[in-house]
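As a plain string of letters, each chain reads:
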Amino acid sequence: MTTREHEHTLNVWLAGLLRRRGLNAQQERMQGGRRIDVDIRVGPVKIALEAEQGQTNAKKREAIEDADKRLKQGLAECAVAVCYPDGITKPKQIPQSRMLWTIRAPKALVPADEAQWGDANLDELVSIIRLAPAQLGNPDHAAAALSASLDAAVDRLDNGQKWLLAEHLDLPPGQNGRAQWDKAAKRALLVVATAVMFHSRLDVHLRNLKPKYDNRLPSDTPFTGEWPPNSARYCTDADDPTTAFSDAWNLILALDYKPIFETARAAIHACPADPAFTVAIRETAKAALEVAGNIAGIRHDLLGRIFHTVLDTARYDGSFYTTTAAATLLSSLAMTEDMCDWNDPESIAKLRIVDPACGTGTLLMAAAERIRELSPKTRDDDRSAKALIEQVLTGYDVNLTATHMAATTLGLLSPSTRFQNMKIGRTFLGVDGEGCAFLGSLELLDGQAKMMSWPDTTQTVSQVDGGNGMAEVEPADLVIMNPPFTRDSLRHDQFSREDERKLKDREKQLFANRPVHLSAIGSAFLLLADHINKENSGTVAAIMPLVMATNESGDVVRRYLASQYHVETIVTSHDPTRIYFSENTSIGEMLLICRRWPDSDEPKPPTRVVNLAYNPPTPAEAISVARSIKQGAVIERDNGTMQEWPTDRIACGDWGAVQFFSPNLCERFSELARGDLFPSTALGKIADVGPLGRRIRDAFKRIPMPDAKDRMALWQHDTSVTESMSARPDTFIAAKPGKEHLAEKYWNQGSRLLLPTHLNLPTVKVTTVRVQTKSVGSLWVPCTIDVPGDLLENKEKALCAFLNSSVGVLALLGNRTNKKPTYPNLSIDDLRKLLVPDFETIGDGAVWMLAMAYDCLAEQPMKPLQEMDTCDTRVSLDESVCAALNIDPEIVAGIRRQLASEPSITGRQFFPLHLRPKDS
């Protein structure tokens, strides 16, 4: 058999195996005289799988060339290049073989030698193919285009119509009244747009879905109407699109889909039909159909992008859109092969997966996709899809538009599946007519949450609560979530001041004596997850701000989780281009997976901490990264670093393994904290730190010339000017009128030794300075050491020298608040916790040696931190620190080299030596 004949045989075998796993796949088809190895349909998307036998670079190039040809020939909208391993002689060898793959999309083609290849077994490849359409189109552009169309539609409405839309969909205009009506009306039209998109998706199925019984009427009432409903395109082009959509959606409701179409009907019936409203509905529908067509079918990643592009709510409600890649990674790690019998539909139906802040349903959708990956025998089983929607998956959110989109998202699982018992519920956040405050799904901590109905004419409460207005939740096997995370000063700003006060009081009442820090409410959802979880087997999988792993405010939550669970896995991104797992944020985030640990004498294993070098941007790549994490092969596959953080550290709230990409730096900082490198102490124990720059800015103003008191400050941290340990003030200051007393107080706290509060790590050169005279600063904080005379000067010099050494940089960054790793914002608490030599224990000799080093090097310029390994001044400082503190020079040299390669310091992705570009 020739190589070509054998490849044909492999393709036939692969197509058959893909069909058995629920994909619509056909082997080696000719189209217009051109051959496709395996022709696959995923919804409306045509995918060409082009395969080669062998995994050499030449074979990979051939597979990519064939895949790209199919795209250019217009035979497919997406392509997957696959390379079989050598040695496959039987079909049964394919499922567990490792096949190489890469996805090719028309608008994102990269040269063959730059393509990212992954490897997968058959079941993983099925999931990758299912997720391949996410590569098509640009959801950001589509969301922006729809947002602009909705703005134009809203502009056609008068204030009365906007108010009616908000009222009929229970979308409160907010405390700014009319100023918020545009936003409320835009939300209402977004509900219409998503219903139109889902209607367009249903159009290809409806003819074959004529209902036997009418879902709008009492049970077992036969359906007697005409069928099928008019298409979304027909309704859009009708003379009266409002009536056309209303009639079509009413007919579809005879089949099902109440959460989607009942809410949308409430929107289009909100206003009396007039020319302006009719045109607004038509424009909304046209924009929705254009988006659905351009993105090759409605997708849940698109819905999430649309929701968060259109709705500007994150500022006060902390709602963040989870990227589909992050959702795939989290669900892949959280849901394991031993979670249930994945070949038994009844066992799967007994699973309970809850998202108490479900938003647009991205995480629930990812969980459903993970179930399909783990249970290949049930992928094409309609009963299994029905069980997922009606039994397994539960979601709550306080936002009507979000829950409407979550319902639509789950509809993507199977448009032919009934949704009458869908467990998506809208919990009430606000103050009701009786003056009682409710906190959405957080009320489940107290037993029940108050539910809101889907807007319609009958105002019946959603099925999720049984119709009594309050909801309980079944014990869950998995709580998966990206909870809102908003600081206390902004939370509930959309309400009146009186209602905001009542909500804050309710928080204090609900969280009293519970391990929740009210400075940011996200930690309360971790407590809620624990409350929802089954007592002996529950799992928590959450996306949380990275600061929860490092801040003092998160310590009580960290300790609580460690006491109740095995903190199994923490995943962070040290990819400077994408430090987050949510789309509409710029702060660092982490994936957190905690599992119940049975009460026994068996000790908990260490926590697996994974720091990613490359944060996968697509679901397909996320599957590969998840596998490398589970196999412990993160380093081998160049995805990042992995370390096992001891259980005792996790238990006492030390999650410091997230601070550095290099495991060695994490361990060295831990040694520093324990005093193993040298006797250390917290800076706050030997010095006064403060006041912060914001207090100086409040009390002082900058002036062009000196005043009578001739006061000067180091205001800026200009890295082109501040290049050495000895610094000079850069501005004159004087007390603001009426702030003279405060200014005097703060000036008396000034010092010659100044610590930074903000550091742009890729450009910074010095991390602590000593100025010529007593000073204060805007981006600098005075550090005053309480010792007499000459010893004060030597200790200032010694501390300045130490904090600019490699070990000092390690100490500074090891305790940073990791909100944005490349640009740490150091609080007073961070600076007070800063680890410095305990000179009382080490002796004055160390002070003298470091002061001498300062005198020799104070005026010498330093290179940026990312060049610290070739900075002569830094190397000399390190030599003095080693001698003064009796540290092995090899240890410090290693710290210096590794810090210079840290992604947060370089501002670039980390590449292993063998993969680094030539100019790196």
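Model, not experiment: these values are computed from the prediction.

Points about the overall build of the protein
1) Next: A count of helices and strands for the protein gives 33 helices and 29 strands.
2) Next: Here the protein holds 920 residues, and 61% of them are scored as buried.
3) Next: Accessible surface, the protein: about 36300 Å² in total, of which carbon and sulfur atoms supply 48%.

A look at helix H9 (residues 258-268)
1) Next: Taken across its eleven residues, H9 has nine buried, putting it largely inside the fold.
2) Next: Regarding H9, the residues found buried are Pro259, Ile260, Phe261, Glu262, Thr263, Ala264, Ala266, Ala267 and Ile268.

Focus on the packing of aromatic side chains
1) Next: For the structure on display, the rule yields nine aromatic pairs.
2) Next: Aromatic side chains phenylalanine 198 and tyrosine 257 sit 5.6 Å apart centroid to centroid with 65 degrees between the ring planes, which places their arrangement in the edge-to-face category. Pair noted here: phenylalanine 198 is in helix H6 (residues 181-206) and tyrosine 257 is in the loop between helix H8 (241-253) and H9, with a separation of 59 residues, a long-range link.
3) Next: Under the relative-accessibility criterion, phenylalanine 198 is labelled buried at 0%.
4) Next: Note on phenylalanine 428 and phenylalanine 438: the rings are 5.9 Å apart at their centroids and 55 degrees apart in plane angle, and the pair reads as tilted. Residue phenylalanine 428 is located in the loop between strand S9 (424-427) and strand S10 (429-431), and its partner phenylalanine 438 is located in strand S11 (residues 437-439); the two are separated by ten residues in the primary sequence. Grouping residues by exposure puts phenylalanine 428 and phenylalanine 438 together as buried.
5) Next: Here the aromatic residues Phe198, Phe245, Trp249, Tyr257 and Phe261 are joined through ring pairs into a cluster of three or more.
6) Next: Residue placement shows arginine 816 over the ring face of phenylalanine 660; its charged tip is 5.4 Å from the ring centre.

Quick look at empty space enclosed by the protein
1) Next: Taken as a whole and assessed by the stated rule, the structure comprises four cavities of 30 Å³ or more.
2) Next: Here the second largest cavity is characterised by a volume of approximately 50 Å³.
3) Next: Classifying every residue of the lining of the second largest cavity by side-chain character gives four nonpolar, four polar and one charged.

Details of the nonpolar core
1) Next: Ranked by size, the top nonpolar core spans 119 residues in total, and within it Leu526, Met548, Leu561, Leu592, Trp655, Leu683 and Phe802 carry the most contacts.
2) Next: When residues of this core are assigned to their parent elements, the largest contribution, seven residues, is made by helix H19 (residues 522-532).
3) Next: Residues in contact with tryptophan 655, not counting those within four places in the same chain, are Met548, Ala549, Arg558, Leu561, Val567, Ile570, Met590, Leu592, Trp645 and Ile650.
4) Next: Grouped together as the second largest cluster of nonpolar side chains are 102 residues, Leu146, Leu150, Trp342 and Ile371 included.

As for the pattern of salt bridges
1) Next: This model, assessed by the stated rule, comprises 47 salt bridges.
2) Next: Arginine 649 serves as the salt-bridge partner of glutamate 667, at 3.1 Å between the closest nitrogen and oxygen. Of this pair, glutamate 667 sits in helix H23 (residues 663-674) while arginine 649 sits in helix H22 (residues 647-651); the two residues are 18 residues apart in sequence, bridging distant segments of the chain.
3) Next: Take glutamate 667: its relative accessible area is 27%, and that puts it in the partly exposed class.
4) Next: We classify arginine 649 as buried; its relative accessible area is 12%.
5) Next: Across the salt bridge formed by arginine 674 and aspartate 676, the nearest N and O atoms sit 3.0 Å from each other.

Remarks on the sheet that holds strand S13 (residues 470-471)
1) Next: Taken in spatial order, the eleven strands line up as S13-S12-S9-S8-S7-S14-S15-S17-S16-S18-S19 in an open sheet, and their pairing is mixed. What marks the edges here is a single partner per strand, and that holds for S13 and strand S19 (640-645).
2) Next: Along the sheet, helix H20 (residues 555-564) makes contact with strand S16 (565-573) and strand S17 (589-596), crossing S16 at roughly 130 degrees.
3) Next: Its contacts with the sheet place helix H21 (residues 619-630) against S16, strand S18 (607-612) and S19, and it is angled at close to 140 degrees to S18.

Observations concerning the environment of threonine 243
1) Next: Take threonine 243: it is sitting in helix H8.
2) Next: Judged by its relative accessible area of 37%, threonine 243 falls in the partly exposed class.
3) Next: Between the C-alpha atom of threonine 243 and that of arginine 265, which follows or precedes it by 22 residues, the distance is 9.8 Å.
4) Next: In this structure the side chain of threonine 243 is engaged in a polar contact, spanning 2.5 Å, whose partner is the side chain of aspartate 240.

Let's talk about a positive patch on the surface
1) Next: A cluster of basic residues, Arg694, Arg695, Arg697 and Lys745, forms a positive patch at the surface.
2) Next: Looking at the positive patch element by element, the count peaks at three residues for helix H24 (residues 693-699).
3) Next: Among the structural elements, lysine 745 can be located in helix H25 (residues 740-747).

A closer look at the pairing of strand S28 (residues 780-785)
1) Next: Among the six residues that make up S28, five are buried, leaving the element largely enclosed by the rest of the structure.
2) Next: The sheet contact formed by strand S26 (residues 751-756) and S28 spans three bridges and is antiparallel. Paired with leucine 755 across the two strands is valine 781, which belongs to S28.

Examining the side chain of aspartate 432
1) Next: Residue placement: aspartate 432 occurs in the loop between S10 and S11.
2) Next: No salt bridge forms around the buried aspartate 432; measuring N to O, its nearest opposite-charge neighbour lysine 450 is 4.4 Å away.
3) Next: In terms of polar contacts, aspartate 432 uses its side chain to reach the backbone amide nitrogen of glutamate 434, at 3.0 Å.

Remarks on the packing of helix H27 (residues 806-814) against helix H32 (residues 889-901)
1) Next: Across the interface, H27 lies against H32 with an axial gap of 9 Å and an inter-helix angle of 60 degrees. The orientation of H27 with respect to H32, classified from their angle, is oblique. Crossing of H27 against H32: the hand is left-handed. Packed against H27, whose contacting residues are Ser806, Val807, Val809 and Leu810, the element H32 presents Val892, Ile895, Arg896 and Leu899 at the interface.

Description of the pairing of strand S27 (residues 769-777)
1) Next: Summarising the sheet, strand S23 (residues 712-714) and S27 pair through two bridges and their orientation is parallel. Looking at the pairing, leucine 714 lines up with glycine 777 of S27.
2) Next: Where strand S24 (residues 726-727) meets S27, two bridges bridge the pair, whose relative direction is parallel. Looking at the pairing, alanine 727 lines up with valine 771 of S27.
3) Next: Here S26 runs beside S27; their pairing, made up of three bridges, is antiparallel. Its bridge partner lying in S27, leucine 754 is registered against valine 769.

Thoughts on the confidence of the model for the protein
1) Next: Per-residue confidence for the protein averages 87 on the pLDDT scale, and 89% of its residues sit at or above 70.
2) Next: Note that pLDDT drops below 50 for residues 314-318; the model gives that stretch 21 contacts with residues more than four away or on any other chain.
3) Next: For the stretch residues 457-467, pLDDT sits under 50, and the model shows 24 contacts to residues farther than four places along the chain or on other chains.

Quick notes on the environment of phenylalanine 485
1) Next: Mapped onto the secondary structure, phenylalanine 485 falls in the loop between strand S14 (478-481) and helix H18 (497-510).
2) Next: Taking the C-alpha atoms as reference, phenylalanine 485 lies 8.1 Å from methionine 544; in sequence the two are 59 residues apart.

Focus: H27
1) Next: The element H27 is extensively covered by neighbouring structure, given that nine of its nine residues are classed as buried.
2) Next: Among the residues of H27, Ser806, Val807, Gly808, Val809, Leu810, Ala811, Leu812, Leu813 and Gly814 are the ones counted as buried.

So, unusual backbone geometry
1) Next: Of note, the bond from tryptophan 227 into proline 228 is cis; its omega dihedral lies within 30 degrees of zero at 5 degrees.
2) Next: Along the chain, proline 228 falls in the loop between H6 and helix H7 (232-237).
3) Next: The amide bond that connects glycine 690 to the next residue, proline 691, takes the cis arrangement and shows omega of 10 degrees.
4) Next: Within the secondary structure layout, proline 691 lies in the loop between strand S21 (687-689) and H24.

Overview of the packing of helix H13 (residues 324-334) against H21
1) Next: The N-to-C vectors of H13 and H21 enclose an angle of 30 degrees; their axes lie 8 Å apart at closest approach. Considering the angle they form, H13 stands roughly parallel to H21. In this structure, H13 meets H21 at a crossing whose hand is right-handed. Each of Thr324, Ala325, Thr328, Leu329, Ser332 and Leu333 in H13 lies in contact with H21, whose residues at this interface are Pro619, Ala622, Ile623, Val625, Ala626, Ile629 and Lys630.
2) Next: When the residues that make up the contact of H13 with H21 are grouped by side-chain class, the tally is nine nonpolar, three polar and one charged.

So, how was this worked out
- Residues numbered from 1 in each chain as written.
- Predicted model: local features only at pLDDT ≥ 70, side-chain atom pairs only at ≥ 80, totals over all residues.
- Heavy atoms only, no water.
- Helix = DSSP H or I, 4+ residues; strand = E, 2+ residues; numbered from the N terminus.
- Buried < 20%, exposed > 50% of the residue type's maximum accessible area, 1.4 Å probe, protein only.
- Areas by Shrake-Rupley, 256 points an atom, 1.4 Å probe, with all protein chains shown as cover.
- Phe/Tyr/Trp six-rings, centres within 6.5 Å; stacked < 30°, edge-to-face > 60°.
- Lys NZ or Arg CZ within 6 Å of the ring centre and 35° of its normal.
- 1 Å grid on protein atoms, 1.4 Å probe; cavity = no way out; pocket = protein on both sides within 12 Å on 5 of 7 lines; lining within 4 Å.
- Points joined across faces, edges and corners; volume = space filled by probe spheres on them.
- Nonpolar A, V, L, I, M, F, W, Y, C, P; charged D, E, K, R; others polar.
- Core = buried A, V, L, I, M, F, W, Y, C linked by side-chain atoms within 4.5 Å.
- Contact = heavy atoms within 4.5 Å.
- Salt bridge = Lys/Arg side-chain N within 4 Å of Asp/Glu carboxyl O.
- Pairing = 2+ DSSP bridges.
- Axes fitted to C-alpha atoms, helices over the stretch in contact; angles between N-to-C directions.
- Polar contact = N/O pair within 3.5 Å; in protein donor to acceptor, adjacent residues only side chain to side chain.
- Patch = residues over 30% accessible without salt bridge, like charges linked within 9 Å, V, L, I, M, F, W, Y side chains within 5 Å.
- Lys, Arg positive; Asp, Glu negative; His and termini not counted.
- Charge placed at Lys NZ, Arg CZ, Asp CG, Glu CD.
- Parallel < 35°, antiparallel > 145°, perpendicular 65-115°, else oblique.
- Left-handed = near helix turned anticlockwise from the far one by under 90°.
- pLDDT = per-residue confidence, 0-100.

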